[in-house]
Amino acid sequence: ATLPVPSFFAIGDAVLEMTQIGKECHSDCAIRRQTGDCIMPREGVFARVVKGGTIHTGDEMKLLPTPADLPLRAAVITLSDKGSRGEREDKSGPLIVEMLTAAGYVVEETMILPDEAKALKAQLIRMADGRQVNLVLTTGGTGFAPRDVTPEATLAVCDRLTPGIPEAMRYASMQITSRAMLSRAQAGIRKGTLILNLPGSPRAAKENLEAVLPAIGHGLEMLSGRPADCAKLTD
């Protein structure tokens, strides 16, 4: 599929929004069993119903104009071994979702992963390439512990780095605690998606995100090709 996510279609009386391109194939899926191959990761297209209606065999699918005022779309990934096992409540992820929602974002997906680079890289790629969200925020795994691999996984999937964002977060945090210098958080762009690491502590995640969220919105407008008025920036 070459159309961007989201794209909107009319089929019969229904209107659908394409939400994802491609999906990981499980080894025992019916398509693979019957054909020896699965096209789902390459050509699978997923949509949600915007307007219900009746669809008949042979109905023409019409591409609709994408609304110009769509909100920015985001995803939040929490990195925590204990959290992924259900041994610790995730407080940072829901707090970040709350902040994004208040800022006008639509949070498309949230998840908790163990501190493993392979799993994180796979999800970052899926969010950027398949779901094509504007922003992915991770929380956790940015410190000195041996299993803190979030920055490395982020750098591995990014096409371009945006060092000013984590620099600004560390600067803001340094006004509160000198331990902010120990953060290894990174930020970068993969295709049309900005990926940004936040600390795992709810308080630190909130402080870091508050420091950069207004400016990030302007950057995402430019990254997505939307009109962005640089003259309105005063900071």
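Bear in mind that the values here come from a model prediction, so they are computed numbers and not experimental data.

Caption draft 1: Summary view of the side chain of Q123. Along the chain, Q123 turns up in helix 5 (residues 117–131). Taking relative accessible area as the criterion, Q123 reaches 18% and is therefore assigned buried. The contact partners of Q123, leaving out residues within four places of it in the chain, are I77, M111 and L113.

Caption draft 2: Examining the pattern of salt bridges more closely. The tally for this structure, following the rule as stated, stands at 12 salt bridges. Residue E109 pairs with R126 through a salt bridge whose shortest N-O separation is 2.4 Å. Within this pair, whereas E109 is found in strand 6 (residues 106–113), its partner R126 is found in helix 5, the two being separated by 17 residues in sequence. Ionic pairing is found between R190 and D129, a salt bridge with its closest N-O pair at 2.8 Å. With R190 in strand 9 (residues 187–190) and D129 in helix 5, the pair connects residues that are 61 residues apart, well separated along the chain.

Caption draft 3: Just the confidence of the model for the protein chain, in detail. The pLDDT averaged across the protein chain works out to 89; a share of 88% of its residues lies at or above 70. Counted against residues more than four places away or in other chains, residues 231–235, with its pLDDT under 50, gives 1 contact.

Caption draft 4: A nonpolar patch on the surface, seen in detail. Residues F144, M174, M181 and L182 make up a contiguous nonpolar surface patch of roughly 430 Å² in combined accessible area. Tracing the sequence through the fold places F144 in the loop between strand 7 (135–139) and helix 6 (150–157).

Caption draft 5: Representation of helix 4 (residues 92–102). If you check which residues of helix 4 are buried, you get S92, G93, L95, I96, M99 and L100. Angularly, the buried residues of helix 4 cover 165° about the axis, an arc narrow enough to put them on a single face. Structural note: helix 4 exposes E98 and A102 on the side pointing more than 90 degrees away from its buried face. In this structure, the buried residues of helix 4 make contact with strand 5 (73–79), strand 6, strand 7, strand 10 (193–198) and helix 8 (202–223). At the exit of helix 4 stands G104, carrying a positive phi of roughly 100°.

Caption draft 6: Representation of the sheet that holds strand 2 (residues 14–21) in the model. A sheet is described by the order of its strands in space; here 4 strands give the open sequence 3-2-1-4, paired in antiparallel fashion. A single partner strand is all that each edge strand has here, and the edge strands are strand 3 (45–51) and strand 4 (61–64). Going across the sheet, the axis of each strand differs from the next one's by a mean of 35°, ignoring polarity. Note that strand 2 and strand 3 share 6 bridges and pair antiparallel. Along strand 3, the bridge assignment pairs M18 with A47.

Rules behind the numbers
- Residues numbered from 1 in each chain as written.
- Predicted model: local features only at pLDDT ≥ 70, side-chain atom pairs only at ≥ 80, totals over all residues.
- Heavy atoms only, no water.
- Helix = DSSP H or I, 4+ residues; strand = E, 2+ residues; numbered from the N terminus.
- Buried < 20%, exposed > 50% of the residue type's maximum accessible area, 1.4 Å probe, protein only.
- Contact = heavy atoms within 4.5 Å.
- Salt bridge = Lys/Arg side-chain N within 4 Å of Asp/Glu carboxyl O.
- pLDDT = per-residue confidence, 0-100.
- Patch = residues over 30% accessible without salt bridge, like charges linked within 9 Å, V, L, I, M, F, W, Y side chains within 5 Å.
- Areas by Shrake-Rupley, 256 points an atom, 1.4 Å probe, with all protein chains shown as cover.
- Arc of directions from axis to C-beta.
- Pairing = 2+ DSSP bridges.
- Axes fitted to C-alpha atoms, helices over the stretch in contact; angles between N-to-C directions.

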